[in-house]
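For reference, the chains in residue letters:
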Amino acid sequence: MTFTKFALSCALATLVAAPTVAEQWRGWNIHPKDYPNSVALEGFAKEVADKTEGRIEPEVYHNGVLGDQPDAIEQVRNGGLDFANFNMGPMGQIVAATNVLSLPFIFRDVDHMHTAMDGDIGRRFSDALEAEGLVALSWFDSGSRSFYNTKHPIKTPADVKGLKFRVMNNDLYVNMVDQLGGNATPMAYGEVYQSLKTGVIDGAENNYPSFESSNHYEVAKYYSITNHLIMPECLCISTASWDALSDEDKAIVKAAAVNAAQEQRALWAEREKASRAKVEAAGVSVNEVSDPKAFQAAMAPVYEGFITANPDLEALIKDIQATK
Ligand code: GTR
């Protein structure tokens, strides 16, 4: 064979033998490794790696080591990170429509949230996210959030007066706590434990699993069931990573995300009970509020201000409320 032919066949042989380079995906997660969301994200990563036969190799970074949530949202949007589990609270600062999910008592209960998010309402939120560089592949549970603090049980809205609460990064929550006569400070999740300990804040608000896994319960001994926020979380992937996929891989990734959500919801239901039992055994006093409607009424002005500022989102609010 001539030299040219020889060189050509060598090049061809290298091409055929060259292993496909796997896409390395980095995934952000705020929670510790044993948290329901974390287990589900690991399941997602494994299913994607297995079904794509290693074409995509996702890795999940737990405990918020890749940055706090608002930063991570930006990183997924600009393709610096590939996927993440995000709460819709801090998302509101970037995707205005998702603020609707941060309105207190927007869902009647968790079942109402699931029905809405798994249907047309969920699609409207996915569309809004997609326009900002995030593909929401499935929706995780996050239960309902209640107030906890280091001072005293909250039984009526008047008990909030004068207390300093950490809230997630969203102005709506500052307004929400204002309406109750408290003071709110937006702060990264990772800073809350120390701030509770040193008295920079008196309390915060979250679901049982986060209250427990963050160890906030070691310091804040009063958990009062206000259930003021019921918010879904997404398993989101960056538009850049999504667009680079073949149709076959898109279908694999989507199915893995839907399976992950199913697993997360089942684990979530168990963890809520286990976390409540754990914090109570550790001496936290958990109390019902005397009149949940009184909290709803006190926070109602948040809606009025929101609709005045976002008239285009009123229909979405009404459609959620009308979802059976
Ligand atoms: C948790 C949620 C996290 C984070 C955290 C917080 O319930 O799963 O994504 O938003 O609350 O309060 O910052």
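Residues numbered from 1 in each chain as written. Predicted model: local features only at pLDDT ≥ 70, side-chain atom pairs only at ≥ 80, totals over all residues. Heavy atoms only, no water.

(A) View of helix H13 (residues 301-309). Residues of H13 that are buried include every one of Val302, Tyr303 and Phe306, and no others. Down the axis, H13 shows its buried residues gathered within 95 degrees of arc, on one side only. Those residues of H13 that are exposed and aimed more than 90 degrees away from the buried face are Glu304 and Thr308. (Buried < 20%, exposed > 50% of the residue type's maximum accessible area, 1.4 Å probe, protein only. Helix = DSSP H or I, 4+ residues; strand = E, 2+ residues; numbered from the N terminus. Arc of directions from axis to C-beta.)

(B) Broad picture of the side chain of Asn206. As for its position among the elements, Asn206 is in strand E8 (residues 203-206). Of note is the side chain of Asn206, whose polar atom sits 3.3 Å from the side chain of Arg145. Looking at Asn206, its side chain comes within polar contact range of the side chain of Asn207, at 3.4 Å. (Polar contact = N/O pair within 3.5 Å; in protein donor to acceptor, adjacent residues only side chain to side chain.)

(C) Here's a closer look at the pairing of strand E9 (residues 222-230). Counted residue by residue, E9 has seven buried out of nine residues, so it is predominantly covered. Where strand E5 (residues 144-149) and E9 come together, five bridges link them in antiparallel fashion. Residue Ser144 lies in a different strand from E9, and its bridge partner there is Ile230. Note: E9 against strand E11 (residues 285-288), four bridges, orientation parallel. Residue pairing in the sheet places Tyr223 in a bridge with Val286 of E11. (Pairing = 2+ DSSP bridges.)

(D) Summary view of the domain arrangement of the protein chain. In terms of domain boundaries, the protein chain breaks down into domain 1 (21-142 + 231-273) and domain 2 (144-230 + 277-322). Taken over C-alpha atoms, the centre of domain 1 sits 24 Å from the centre of domain 2. Contact residues are listed per partner, giving 37 residues for domain 1 and 37 residues for domain 2. Between domain 1 and domain 2, roughly 3,200 Å² of surface is buried when both sides are summed, and carbon and sulfur atoms account for 64% of that area. If you sort the residues of domain 1 by the area they bury against domain 2, Leu103, Pro104 and Phe105 come out on top, with a joint share of 22%. (Domains from an automatic or database assignment. Contact = heavy atoms within 4.5 Å. Buried area = accessible area lost by both parts, 1.4 Å probe.)

(E) Molecular detail of the packing of aromatic side chains. Taken as a whole and judged by the stated rule, the model has ten aromatic pairs. On the basis of an interplanar angle of 55 degrees and a centroid distance of 4.9 Å, the ring pair of Phe147 and Phe165 is categorised as tilted. Here Phe165 lies in strand E6 (residues 164-167) and Phe147 lies in strand E5, a separation of 18 residues in the sequence. Phe165 matches Phe147 in its accessibility class, with the two residues each being buried. Judged by centre distance (4.3 Å) and plane angle (40 degrees), the ring pair of Tyr148 and Phe211 falls under tilted. With a gap of 63 residues between them, Tyr148 in strand E5 and Phe211 in helix H9 (residues 208-213) connect regions that are remote in the sequence. (Phe/Tyr/Trp six-rings, centres within 6.5 Å; stacked < 30°, edge-to-face > 60°.)

(F) View of unusual backbone geometry. In this structure, Asn63 is a non-glycine residue whose phi angle is positive, near 60 degrees. Within the secondary structure, Asn63 sits in the loop between strand E2 (56-61) and helix H3 (69-77). Phi is positive for Phe105, which is not a glycine, with a value near 60 degrees. You can see Phe105 is positioned in the loop between helix H4 (88-91) and helix H5 (110-117).

(G) Geometry of the pairing of E6. As paired elements, E6 and strand E7 (residues 183-186) share four bridges and run parallel to each other. Across the sheet, residue Val167 finds its bridge partner in E7, namely Pro186. Traced from E6 through helix H7 (residues 171-179) to E7, the parallel crossover comes out right-handed. (Right-handed = clockwise from strand over helix to strand, strands pointing away.)

(H) Quick peek at the nonpolar core. Core analysis: the biggest nonpolar cluster contains 60 residues, and Phe86, Val100, Phe107, Phe125 and Leu129 have the highest contact counts within it. In contact with Val100, not counting residues within four places along its chain, are Ile106, Phe125, Phe306, Leu313, Leu316, Ile317 and Ile320. With 21 residues, the next largest nonpolar core counts Phe83, Val135, Phe140 and Ala256 among its residues. (Core = buried A, V, L, I, M, F, W, Y, C linked by side-chain atoms within 4.5 Å.)

(I) Region of the structure containing the site of the ligand. Every residue near the ligand is listed here: Ile30, His31, Gln69, Asn87, Arg145, Arg166, Met168, Tyr189, Asn206, Asn207, Ser210 and Glu233. At 3.2 Å from an oxygen atom of the ligand is found a side-chain nitrogen or oxygen belonging to Asn207. Take Ser210: an N or O atom from its side chain is 3.1 Å from an oxygen atom of the ligand. With the chains in place, 99% of the 320 Å² that the ligand exposes on its own is no longer accessible. Residue composition of the shell around the ligand, grouped by class: three nonpolar, six polar and three charged. (Near = heavy atom within 4 Å. Areas by Shrake-Rupley, 256 points an atom, 1.4 Å probe, with all protein chains shown as cover. Nonpolar A, V, L, I, M, F, W, Y, C, P; charged D, E, K, R; others polar.)

(J) Inspection of the state of the cysteines at higher detail. This structure, assessed with the given rule, holds one disulfide. The partner cysteine of Cys234 in its disulfide is Cys236, sulfur to sulfur 2.3 Å. The disulfide joining Cys234 to Cys236 has a torsion of about -120 degrees about its S-S bond and is therefore left-handed. Taken individually, Cys234 and Cys236 each receive the classification buried, so the pair is uniform in this respect. (Disulfide = S-S within 2.5 Å.)

(K) Quick peek at H3. Those residues of H3 that fall on the buried side of the exposure criterion are Gln69, Ala72, Ile73 and Val76. One side of H3 holds all its buried residues, which, seen down the axis, span an arc of 105 degrees. Its buried side turned inward, H3 meets strand E1 (23-28), strand E3 (83-87), H4, strand E4 (134-140) and strand E10 (233-238).

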